[in-house]
Amino acid sequence: MLDNISFANPDFFWLFLLLPLAILWYIFKQKQEIAALKISSIRGFDTNSFLPKIKPLLFVFRLLALSAIIIAMARPQTEDISTRTKTTKGIDIVMAIDVSSSMLAKDLKPNRLSALKKVASDFIKKRPNDRIGLVVYAGEAYTKTPITTDKSIVLNSMREITYGQLQDGTAIGMGLSTAVNRLKESKAKSKIIILLTDGVNNSGFIEPQTAADLAIEFDIKTYTIGLGTNGNALSPVAYNADGSFRYGMRQVEIDEKLLEEIADVTGGKYFRATNNEKLEEIYDEINKLEKTEIEEFKYYRYEEKFRPWVLLAGALLILEWVLRNTLFRSFI
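A few points on the structure. Quick caveat: nothing in here was measured; it's all calculated off a predicted structure.

### Focus: the nonpolar core
Line of reasoning, step 1. Residues M95, I225, L279 and Y283 are the most contacted members of the largest nonpolar core, which totals 35 residues.
Line of reasoning, step 2. Contributing elements (two or more residues each) for this core: β3 (91–98), α4 (112–125), β4 (131–137), α5 (151–160), β6 (190–197), β7 (221–227), β10 (270–273) and α9 (276–289).
Line of reasoning, step 3. Here this core takes 7 residues from α4, the largest share from any one element.
Line of reasoning, step 4. What I225 contacts, discounting residues up to four positions off in sequence, is I194, L195, L196, T197, L259, Y270, F271, A273, L279, I282, Y283 and I286.
Line of reasoning, step 5. Membership of the second largest hydrophobic core comes to 25 residues, among which are V94, V180, A233 and I262.

So this is what it looks like as structure tokens:
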């Protein structure tokens, strides 16, 4: 392909300016060599021979050979570029997700938990160079997935998150402390927790303030998200006879003061997601705030292409010499 051809010595192209001078010199020389002879008749001479007419072809061969030599001197070459990226500032992220019964409220579509899983999965896909883990909590907490670079594992675990796997309740302190425990041994340059809840702390034996102090001790930044509309939401209020939930309107209660305090003392930021679109915007903003530094290495491999031009020049000169000393010998 001509589009990836480059020249190592492009300065030699100025030699092409010699070609017009060579042509002018050839025309001038030919005029000087023309001789006039007066005879009474040209009968007996072969005037139909085409060889004298194509004799300038020998000079054309020389010009082409010279052109090929100039191109060879300019050193044409192809360039093959390969790249390799290296993460110079990795980020370890743990997403702590509330899975209490209130996460089934339908103020987000189709409900809070389903909306969160979709948005959080998109966030995970946008972080190909980071290690990510999952912690789920309700009345208690556990690690769903340790921090890993294998995004397929994290995404599969995210899909598996459902209500009913834990005792009901909202143990924010337990969720945060479990996430801190996953990150405390991390050697990453940056460690962050994204803690999401839709309620107030009402369960667990670890206070949220204590968990926040642990995050500070291990230099872990915490982003907190309060999930739920302003006002009332269609939420589970009781069980039906078949075990399904009965829904009713309930006041949305989120301890925003607590979430703001956790985010502030750990160097993070608090967000409020009142609908699906706002939740997406929050994760996009966190994605922009926490950038992973990537170093890109480029490797260049050059393949010299001057040899065919040298061979072409040699072939043209040999052809010119052979024709000059055989076919055109009588006309030189």
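### Some thoughts on the packing of aromatic side chains
How two aromatic rings sit relative to each other is given by the distance of their centres and the angle of their planes.
Line of reasoning, step 1. Per the stated rule, a full pass over the model turns up 6 aromatic pairs.
Line of reasoning, step 2. Between F123 and Y283, the ring centres sit 5.5 Å apart and the planes meet at 65 degrees, which makes this aromatic pair edge-to-face. One end of the pair, F123, is in helix α4; the other, Y283, is in helix α9, and 160 residues separate them in sequence.
Line of reasoning, step 3. With a centroid separation of 4.8 Å and 25 degrees between ring planes, the pair formed by Y239 and F245 is classed as stacked.
Line of reasoning, step 4. A relative accessible area of 49% means that Y239 is categorised as partly exposed.
Line of reasoning, step 5. Given a relative accessible area of 18%, F245 falls into the buried group.

### Some points on the sheet that holds β4
Line of reasoning, step 1. The sheet built from 6 strands is open, its strands ordered β5-β4-β3-β6-β7-β10 with mixed pairing. The outermost strands of the open sheet, each flanked by one partner alone, are β5 (141–148) and β10. Neighbouring strand axes in the sheet, compared pairwise and without regard to direction, differ in orientation by 15 degrees on average.
Line of reasoning, step 2. Pairing of β6 with β7 involves 6 bridges; the strand directions are parallel. Paired with T197 across the two strands is G226, which belongs to β7.
Line of reasoning, step 3. Its contacts with the sheet put helix α8 (residues 256–266) on β6, β7 and β10, and the angle it makes with β7 is roughly 160 degrees.

### As for α9
Line of reasoning, step 1. The end-to-end C-alpha separation of α9 is 20 Å, in line with the 20 Å expected for 14 residues at 1.5 Å each.
Line of reasoning, step 2. For α9, the full list of buried residues reads N276, L279, I282, Y283, I286 and N287. Down the axis of α9, the buried set is contained in an arc of 140 degrees. They therefore lie on one face. Along α9, exposed side chains directed more than 90 degrees from the buried face belong to E277 and K288.
Line of reasoning, step 3. The secondary structure elements touched by the buried residues of α9 are β3, α4, β6, β7 and β10.

### Digging into the pairing of strand β9 (residues 245–251)
Line of reasoning, step 1. Relative to β9, strand β8 (residues 232–239) runs antiparallel, the two sharing 7 bridges. Across the sheet, Y239 pairs through a bridge with F245, a residue of β9.
Line of reasoning, step 2. Where β8 hands over to β9, the hairpin turn is made up of 5 residues, of which G243 adopts a positive phi near 95 degrees.

What counts and what doesn't
- Residues numbered from 1 in each chain as written.
- Predicted model: local features only at pLDDT ≥ 70, side-chain atom pairs only at ≥ 80, totals over all residues.
- Heavy atoms only, no water.
- Core = buried A, V, L, I, M, F, W, Y, C linked by side-chain atoms within 4.5 Å.
- Buried < 20%, exposed > 50% of the residue type's maximum accessible area, 1.4 Å probe, protein only.
- Helix = DSSP H or I, 4+ residues; strand = E, 2+ residues; numbered from the N terminus.
- Contact = heavy atoms within 4.5 Å.
- Phe/Tyr/Trp six-rings, centres within 6.5 Å; stacked < 30°, edge-to-face > 60°.
- Pairing = 2+ DSSP bridges.
- Axes fitted to C-alpha atoms, helices over the stretch in contact; angles between N-to-C directions.
- Expected span 1.5 Å × (residues − 1).
- Arc of directions from axis to C-beta.

Purely geometric numbers; function is a separate question.
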